[in-house]
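Listed below are the residues making up each chain.
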Amino acid sequence: METSKVLEQSAKLVEEQVDAQLSKLNEMDEDDLERLKERRLEALKKAQKQKQEWLSKGHGEYREVASEKDFFSEVKDSKNVVCHFYRNSTFRCKILDKHLGILAKKHVETKFIRLNAEKAPFLTERLRIKVIPTLALLNDGKTKDYVVGFTDLGNTDEFTTEMLEWRLGCADVINYSGNLMEPPTVTQRSGTKFTKVEKKTIRGRGYDSDSESEDD
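Residues numbered from 1 in each chain as written. Predicted model: local features only at pLDDT ≥ 70, side-chain atom pairs only at ≥ 80, totals over all residues. Heavy atoms only, no water.

**Q** Even after reading the chapter, I still don't get the confidence of the model for the chain, so can you show me in this structure?
**A** Caution is warranted with low-pLDDT regions, since their predicted coordinates should not be read in detail. Taken as a whole, the chain shows an average pLDDT of 84; of its residues, 81% reach a score of 70 or greater. Segment residues 187-205 is flagged for pLDDT under 50; beyond a separation of four residues in sequence, or across chains, it makes 39 contacts in the model. A low-confidence stretch, residues 211-216 (pLDDT under 50), is modelled with 23 contacts involving residues beyond four sequence positions or located in other chains. (pLDDT = per-residue confidence, 0-100. Contact = heavy atoms within 4.5 Å.)

Right under this line is the structure:
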């Protein structure tokens, strides 16, 4: 079949579908339209109520968790949680903080928190966290995925917020509206530095530091 005929048939099909939808709307009486309006209003009210519930639980902002005990109560309180295990002396943790602060405001359906790994020896051991920074991605109180260092984010300090958002979407801990099949387009910069892994010790335990420079 010629290309022009295929395009013509496709256009005709779309036109017929639009006509059918318009016809359906025209056939609606005032009661039908009122019911449709009420359903939409009810859906909006429900969504607003859900948002307020999330905000009351600490969603919508990127927050510090003071202790391991607080971590468990925070995780128990929310369905989806992103927890950044950080260390003050690791530069790459500060890069993650910037992006997570942006995403916390955008994705109020998910709780975004940070916990100092030096103050959480039990948790870091239990969750097998060996590299700082690490993001633990939790669903219904259980860890379902990790973002370890920047490897999944292009292995560069210059990754975008959109790249991190895509990675969290792949783990299904946020409501992601983009294409999960491929990451956002990133222009590779010439001379991109790759990570140099150094062995650091925190309270006698070994951690790999996924950062090019340390402030120790």
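**Q** Please explain the nonpolar core as it appears in this structure.
**A** Residues Val82, Leu100, Phe112, Leu135, Leu137, Leu164 and Leu168 are the most contacted members of the largest nonpolar core, which totals 21 residues. Listing elements by their share of this core, those giving two or more residues are α4 (91-106), β5 (134-139) and α6 (161-170). Per element, the largest residue contribution to this core is five residues, and it comes from α4. Among the nonpolar cores identified, the runner-up in size contains 18 residues, and Phe85, Leu115, Ile129 and Ile132 belong to it. (Core = buried A, V, L, I, M, F, W, Y, C linked by side-chain atoms within 4.5 Å. Buried < 20%, exposed > 50% of the residue type's maximum accessible area, 1.4 Å probe, protein only. Helix = DSSP H or I, 4+ residues; strand = E, 2+ residues; numbered from the N terminus.)

**Q** I tried to follow the pairing of β5 on my own but got confused; where do I start?
**A** Two faces make up the sheet, and in a regular strand the side chains alternate between them. Counting buried residues in β5 gives five out of six residues, a clear majority hidden from the surface. In this sheet, β5 lies alongside strand β2 (residues 80-86) in antiparallel orientation, the contact comprising six bridges. For cysteine 83, the partnering residue across the bridge sits in β5 and is alanine 136. Alignment of β5 against strand β6 (residues 142-148), held across six bridges, turns out to be antiparallel. By the bridge assignment, leucine 137 is partnered in β6 with aspartate 145. Counting the residues in the hairpin turn of β5 and β6 gives two residues, including aspartate 140, whose phi is positive at 55 degrees. (Pairing = 2+ DSSP bridges.)

**Q** I'm lost on the sheet that holds β2 in this one. Help?
**A** Hydrogen bonds between backbone groups are what pair the strands of a sheet, and the pairing can be parallel or antiparallel. Strands sit in the order β1-β3-β2-β5-β6 across an open sheet of five strands; the sheet is mixed. Since the sheet does not close on itself, it has two edges, and those belong to β1 (62-64) and β6, each with one partner. Taking each pair of neighbouring strands and ignoring which way they run, the sheet shows an average axis angle of 25 degrees. As paired strands, β2 and strand β3 (residues 111-116) are joined by six bridges and run parallel to one another. In the strand pairing of β3, valine 81 is matched with lysine 111. (Axes fitted to C-alpha atoms, helices over the stretch in contact; angles between N-to-C directions.)

**Q** I tried to follow the environment of glycine 101 on my own but got confused; where do I start?
**A** Assignment of secondary structure puts glycine 101 in helix α4. Separated by 41 residues in the primary sequence, glycine 101 and glycine 60 place their C-alpha atoms 9.1 Å from one another.

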